[in-house]
Amino acid sequence: MDTKKRKEQFRTMFQRVIDPLGYKFSPDEELVDFLLEQEVMLEKERGSPFCPCQGLTGERKHDMQLVCPCIPFHREHFDAMKRCWCGLYVHKDVDDPDELVQISKKEFEESKSKG
Amino acid sequence: MKKVVMYTLSTCPWCMRAKKFFREKDIPFEYIDYDKADEETRKSILEDCRSHGEEMSFPFVKIGEDVVVGYNPQKYSSLLDL
Amino acid sequence: MVPWFFATNENDLDDGEMKAVSMEGNKILLVRQAGGFYAISNKCPHMDCPLSKGILDEYAIQCPCHDWRFDIRSGEFLDAGEIKVPAYETKVTDGKVYINMER
Ligand code: FES
């Protein structure tokens, strides 16, 4: 299947998943297109559309939680950033994704324990 | 000047932006693409990330003794006193 | 129109067994567990993989493709309940299992 077609399929399938979770595709079209393209490539090479910005270990349980959309497995962390790690998805109320910053997992956990 | 070393992925746009940031500021840096590295290097990167209490979320940027996970030009700048 | 459709004979499935059935053009996963019959759509809401090829563990079915797990009673995705596979009512009459295709 060609890349363009697969990218479109990802858009349709993933939209269905992220919508009930309160997310949408980033308004940054260029970023979205780039990330989806990487995912098509990752699916060809590694078998699944993994997150282009998180590292795989080869351990199935770990890696399956990085298949896009990986929001369900990192919900609280991503909700705190109003975006997912790679920025493919943002909260529905976000108009300018460039205003959002990445918060690392450790920073997020520290801020949580501080309350 | 603090040494800048980063772990990156060849597929990650934020890693590219981080590299661009340091290049534009003329700051020398080293990087390793985790997904292109050999088994042993990958293992040591995983251990390094976890030893800092982090998962392998990229870019993982080390500036001197400090670590910044993610693309964060403000933090890079303040750690380098730019 | 009567929304109940014949799916299988009660004796065709043992406890802990499941099978894919085609009902009115829909692919349905029928599971017999702890004496009850449960019917959910066979299409994983992630990327459409057939759940019938997955692994059943009590009331959880794990998709063969990326391991998402769903409750066969409600269709709920165990890691985010907002995501659901359509679930259908079942009934057993005279040794025959029926699925209510109206939701
Ligand atoms: S298609 Fe079912 S988990 Fe991905």
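Just so we're clear, the structure is a prediction, and the values are computed from it rather than from any experiment.

A. Molecular detail of empty space enclosed by the protein. Across all of its chains, the model carries 2 cavities of 30 Å³ or more by this definition. Taken as a whole, the largest cavity encloses approximately 60 Å³ of empty space. Lining the largest cavity are 13 residues; nearest its centre among them are Cys51(A), Cys68(A), Cys70(A), Cys84(A) and Cys86(A). Residues belonging to the lining of the largest cavity are distributed by class as follows: 11 nonpolar, 1 polar and 1 charged. Put simply, the second largest cavity is a space of about 50 Å³. Lining the second largest cavity are Ser26(A), Asp28(A), Leu31(A), Arg83(A), Gly87(A), Val90(A), Pro97(A), Asp98(A) and Trp14(B). Grouping the amino acids of the lining of the second largest cavity by side-chain chemistry returns 4 nonpolar, 2 polar and 3 charged.

B. Up close: the environment of Leu29(C). Residues and elements named next belong to chain C. With respect to the helices, strands and loops of the structure, Leu29 is situated in strand β3 (residues 26-33). Relative accessible area serves as the criterion here: at 0%, Leu29 is assigned to the buried category. Remark: the alpha-carbon pair of Leu29 and Ser41, spanning 12 residues in sequence, is separated by 5.8 Å. Look past the residues within four positions of Leu29 in its chain and what remains in contact with it is Met18, Lys19, Tyr38, Ala39, Ile40, Ser41, Asn42, Leu51, Ser52 and Ile61.

C. Looking closely at the sheet that holds strand β4 (residues 66-69) of chain B. Residue and element names in this part refer to chain B. With mixed pairing, the 4 strands of this open sheet are ordered in space as β2-β1-β3-β4. Of all the strands in the sheet, just β2 (30-33) and β4 have a single pairing partner and so form its edges. Between one strand and the next, the sheet's axes are offset by a mean angle of 15 degrees, whatever the strand orientation. Sheet topology places strand β1 (residues 4-8) next to β2; 4 bridges connect them, and they run parallel. Bridge pairing in β2 places Val5 opposite Glu30. Packed onto the sheet, helix α1 (residues 13-24) meets β1, β2 and β3 (60-63) and runs at close to 160 degrees relative to β1.

D. A look at the packing of aromatic side chains. If you walk through the whole model with that rule in mind, you get 17 aromatic pairs over all chains. When the ring of Phe22(B) is compared with that of Phe29(B), the centres are 6.0 Å apart and the planes differ by 45 degrees; the resulting orientation is tilted. Judged on exposure class, the residue Phe22(B) and its partner Phe29(B) are both buried. Seen from their ring centres, Tyr71(B) and Tyr76(B) are 6.1 Å apart, and the 70 degrees between their planes marks the pair as edge-to-face. Taken together, the ring pairs in this structure connect Trp14(B), Phe21(B), Phe22(B), Phe29(B), Tyr31(B), Tyr71(B) and Tyr76(B) into an aromatic cluster. Looking at Arg83(A), its charged tip hangs above the ring of Trp14(B), at a distance of 4.8 Å from the centre. Sitting above the plane of the Tyr31(B) ring, Lys19(B) keeps its charged end 3.9 Å from the centroid.

Rules used in this analysis
Per chain, residue numbering runs from 1 following the sequence as it is written. All chains are assigned letters beginning at A, and all ligands numbers beginning at 1, according to the order in which they are written. Under the rules for a predicted model, residues below a pLDDT of 70 receive no local features and side-chain atom pairs below 80 are neither given nor counted, while totals for whole chains, interfaces and linings still include all residues. Side-chain calculation: all heavy atoms of the structure are included, whereas hydrogens and water are not. The way it works is a 1 Å grid over only the protein atoms, where trapped points that fit a 1.4 Å probe form a cavity and open points with protein on both sides within 12 Å along at least five of seven lines form a pocket, and then any residue with an atom within 4 Å of a point lines it. Grid points are joined across faces, edges and corners, and a volume is the space filled by probe spheres set on the points. Residues are sorted three ways: Asp, Glu, Lys and Arg are charged, Ala, Val, Leu, Ile, Met, Phe, Trp, Tyr, Cys and Pro are nonpolar, and all the rest, Gly among them, are polar. To qualify as a helix, a DSSP run of H or I must reach at least 4 residues; to qualify as a strand, a run of E must reach at least 2; elements of each kind are numbered from the N terminus. The cut-offs for exposure are 20% and 50% of the maximum accessible area for each residue type, with area from a 1.4 Å probe on protein chains only; residues under the lower value are buried, those over the upper are exposed, and the others partly exposed. Any two residues having at least one pair of non-hydrogen atoms within 4.5 Å are treated as being in contact. Two strands are counted as paired when DSSP detects at least two bridges linking them. Interaxial angles span 0 to 180 degrees and are taken between N-to-C directions of axes, which are lines fitted to C-alpha atoms, for helices over the stretch in contact. Paired rings are identified among Phe, Tyr and Trp, the last through its six-membered ring, by centres lying within 6.5 Å, and are further divided according to the angle between planes into stacked (under 30 degrees), edge-to-face (over 60) and tilted (the rest). Charge-over-ring placement is defined geometrically: NZ (Lys) or CZ (Arg) within 6 Å of the ring centre, and within 35 degrees of the ring normal.

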